[in-house]
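Fold and geometry: a report
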Amino acid sequence: MVGNGHGSGPRTAFAERFALLYAEAGDPPLKRVTASVARSRRVDEQGRPVRVTAQRVSDWRRGRNVPARFSALSVVLEVLIGEARKQRPTPPIPELHDLEAWRELWEQALASPVAAVESGPAEMPEESGVCPYRGLAAFQPEDSSWFFGRERSTAALVTRLDNSTEYGGIVVLVGASGAGKSSLVRAGLIPSIREGALADPSSATWPSAVMTPGAKPLAELVERVPELSAVLPPGGLPDDPPTERGAGPRSLGVIDFAERVRAAVAEHARARGGERLVLVVDQFEEAFTLCGDDAQVQLFVQALAAACTPERPGGHAPALVVLGVRADFYGRCLAIPELADALQERQMVLGPMTSAELREAVARPARAAGLQLEAGLVELMLRDLGVRAGRTPVHGARGAYDAGALPLLSHALLATWQRRQAGRLTIAGYRAAGGIQGAVAATAERAWADLPRPRRAPRARCCCAWCGSARTPTTPAAAPPGRSWWARRATRPPPRRPWRCWPAPGWSPSTRARWRSPTRR
């Protein structure tokens with residue numbers, strides 16, 4: 001066995017690559033890996049049975065050693081690659097499943113000089129500098145390599161979408177604000193479909209598109225599917241009598257309108273090399289909050305329903321449509337007949353993650369990036385999130401964490417990563433970031449302090465405008481009172497109308513008085 005140096009270069013690259021493969025294999029127990037090696041009955045160059053101890057595999061994984069012989073390493077790699085392919089057929093990086101590439105990397109690591117061994121504790125291997133956490137942003141399809149903890153929900157959503165391939169209809173994903181709907185459909189569902197998770201063997205080649213309705217949902221839909229421009233009026237519904245181009249169901253009739261929508265979507269899918277289009281409409285609540293035109297929203301939903309409904313029973317629709325919406329807009333969706341049917345037959349509720357899923361969401365991205373977690377950090381984060389260790393909270397019991405608090409956890413992880421030490425996420429770094437509840441407020445304070453004084457007043461007005469249109473009473477800011485106007489404003493009840501309409505009619509007298517107070521700045 002080669003000594004345990006921790007210099008940068010090929011040895012660090014080998015350790016990070018091995019840690020990534022181990023994470024992709026599902027982090028199997030070390031004893032299970034060594035037992036699989038023993039069952040393989042492989043022999044080395046001298047004809048002796050290959051034996052690998054759990055400690056040796058652990059040392060390779062942590063970067064403490066480089067294997068002295070490739071014969072032992074290759075057997076372990078075959079076991080891990082087999083498990084990784086079961087989890088995810090397509091590797092997150094090229095050549096992760098290639099034994100020849102592993103041999104070359106091992107030879108470079110073995111030939112590299114060994115750093116001097118300190119008498120104290122061994123240092124952690126140098127990490128690559130890639131952040132596996134996304135903070136307040138949603139995971140995207142290209143971030144699927146860092147997306148962990150939602151495998152069960154992804155499989156459930158794939159099952160519902162699989163059922164809709166036969167019978168048609170919109171699939172609705174409902175969850176609280178911040179529960180992770182956007183990340184689930186973008187980094188969970190779409191990559192799974194591309195890997196062939198649906199029953200249809202050709203589904204891996206189906207094109208996909210992700211959109212948000214915005215202020216003009218019809219224009220957004222036409223931008224994703226340009227072939228619909230001959231059917232839908234991108235600029236909205238005009239008051240003048242409709243023309244042949246962009247007429248909609250008012251002049252075409254419901255049946256003709258649905259047929260033309262299906263034909264346009266089918267043409268779009270064929271032009272991109274697939275039989276069907278997978279269309280994800282994320283943050284559908286924007287159709288209610290930003291559009292303000294009920295007729296346009298109705299036409300938008302009718303077009304989505306037509307695209308994913310077969311022309312006749314037993315046929316195949318040209319699209320699969322998944323719609324994500326916040327739970328507090330459930331009633332608004334029920335007022336639309338097509339969505340009421342979808343909520344009755346094809347909805348999925350995204351609830352809080354279990355304790356085990358939260359641990360995977362924290363620990364596995366770190367391992368995939370070659371990072372180490374200080375002992376007790378995960379438990380501290382879960383405790384601050386409100387999850388009791390060692391037990392599953394009773395449904396509805398007090399103390400269970402809020403599903404909408406996941407963005408706070410994600411931002412705390414990002415802030416902790418920014419304070420990492422030698423590739424290690426520490427409890428001290430987590431506390432310096434402000435923890436679950438204080439990380440967002442601390443980031444806001446730093447951003448506010450970095451602003452020149454002449455720019456603070458305009459930025460404050462922009463923040464007020466954003467808070468007035470985007471925040472809701474069900475998702476208040478979690479930032480505690482701070483020194484800046486920004487942090488103090490974050491703790492106040494959010495308005496229900498844009499800033500130009502403040503104070504809103506629904507505010508209490510005390511809130512109105514506090515907002516008008518000259519000392520609020």
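Residues numbered from 1 in each chain as written. Predicted model: local features only at pLDDT ≥ 70, side-chain atom pairs only at ≥ 80, totals over all residues. Heavy atoms only, no water.

A look at the layout of surface pockets
Estimates place the volume of the second largest pocket at around 490 Å³. Surrounding the second largest pocket, 23 residues form its lining, Gln87, Arg88, Glu151, Ser192 and Glu195 being those nearest its centre. Elements with a minimum of two residues in the lining of the second largest pocket: α4 (70-87), α6 (151-167) and α7 (181-194). Classifying every residue of the lining of the second largest pocket by side-chain character gives 8 nonpolar, 8 polar and 7 charged. (1 Å grid on protein atoms, 1.4 Å probe; cavity = no way out; pocket = protein on both sides within 12 Å on 5 of 7 lines; lining within 4 Å. Points joined across faces, edges and corners; volume = space filled by probe spheres on them. Helix = DSSP H or I, 4+ residues; strand = E, 2+ residues; numbered from the N terminus. Nonpolar A, V, L, I, M, F, W, Y, C, P; charged D, E, K, R; others polar.)

Observations concerning a negative patch on the surface
Judged by side-chain charge, Glu95, Asp98, Glu100, Glu104 and Glu107 come together as a negatively charged surface patch. Here Glu95 lies in the loop between α4 and α5 (99-111). (Patch = residues over 30% accessible without salt bridge, like charges linked within 9 Å, V, L, I, M, F, W, Y side chains within 5 Å. Areas by Shrake-Rupley, 256 points an atom, 1.4 Å probe, with all protein chains shown as cover. Salt bridge = Lys/Arg side-chain N within 4 Å of Asp/Glu carboxyl O. Lys, Arg positive; Asp, Glu negative; His and termini not counted. Charge placed at Lys NZ, Arg CZ, Asp CG, Glu CD.)

Here's the deal with the side chain of Arg346
The residue Arg346 is located in the loop between α14 (337-345) and β5 (347-350) in this model. A polar contact is formed between the side chain of Arg346 and the side chain of Asp341, at a distance of 3.0 Å. With near-sequence residues (within four places) excluded, Arg346 lies in contact with Gly168, Gly169, Ile170, Val171, Val172 and Asp341. (Polar contact = N/O pair within 3.5 Å; in protein donor to acceptor, adjacent residues only side chain to side chain. Contact = heavy atoms within 4.5 Å.)

A word on helix α16 (residues 377-385)
Burial in α16 covers these residues: Leu377, Val378, Leu380, Met381, Leu382 and Leu385. Looking one or two places after α16, you find Gly386, whose phi comes out positive at around 105°. (Buried < 20%, exposed > 50% of the residue type's maximum accessible area, 1.4 Å probe, protein only.)

Quick look at the pattern of salt bridges
Going through the model one piece at a time under the given rule, you end up with 17 salt bridges. Residue Glu83 pairs with Lys86 through a salt bridge whose shortest N-O separation is 3.6 Å. Of this pair, Glu83 and Lys86 are both found in helix α4, 3 residues apart, which corresponds to roughly one turn of the helix. Given a relative accessible area of 23%, Glu83 falls into the partly exposed group. Between Arg134 and Asp143 there is a salt bridge, with its nearest N and O atoms 3.2 Å apart. Exposure remark for Asp143: the relative accessible area of 10% places this residue in the buried category. Each member of the salt-bridge network shares a partner with another, and the members are Asp27, Glu360, Arg364 and Arg367.

What to know about empty space enclosed by the protein
Per the counting criterion, the structure on display carries 4 cavities of 30 Å³ or more. Within this model, the second largest cavity holds a volume of roughly 60 Å³. In terms of lining, the second largest cavity is formed by Leu221, Val225, Leu228, Val261, Val265, Leu277, Leu279, Ala303, Leu304, Ala307 and Ala319. Those elements giving two or more residues to the lining of the second largest cavity turn out to be α10 (254-271), β3 (277-281) and α12 (294-307). Sorting elements by how many residues they give to the lining of the second largest cavity places α12 first, with 3 residues. Residue composition of the lining of the second largest cavity, by class: 11 nonpolar, no polar and no charged.

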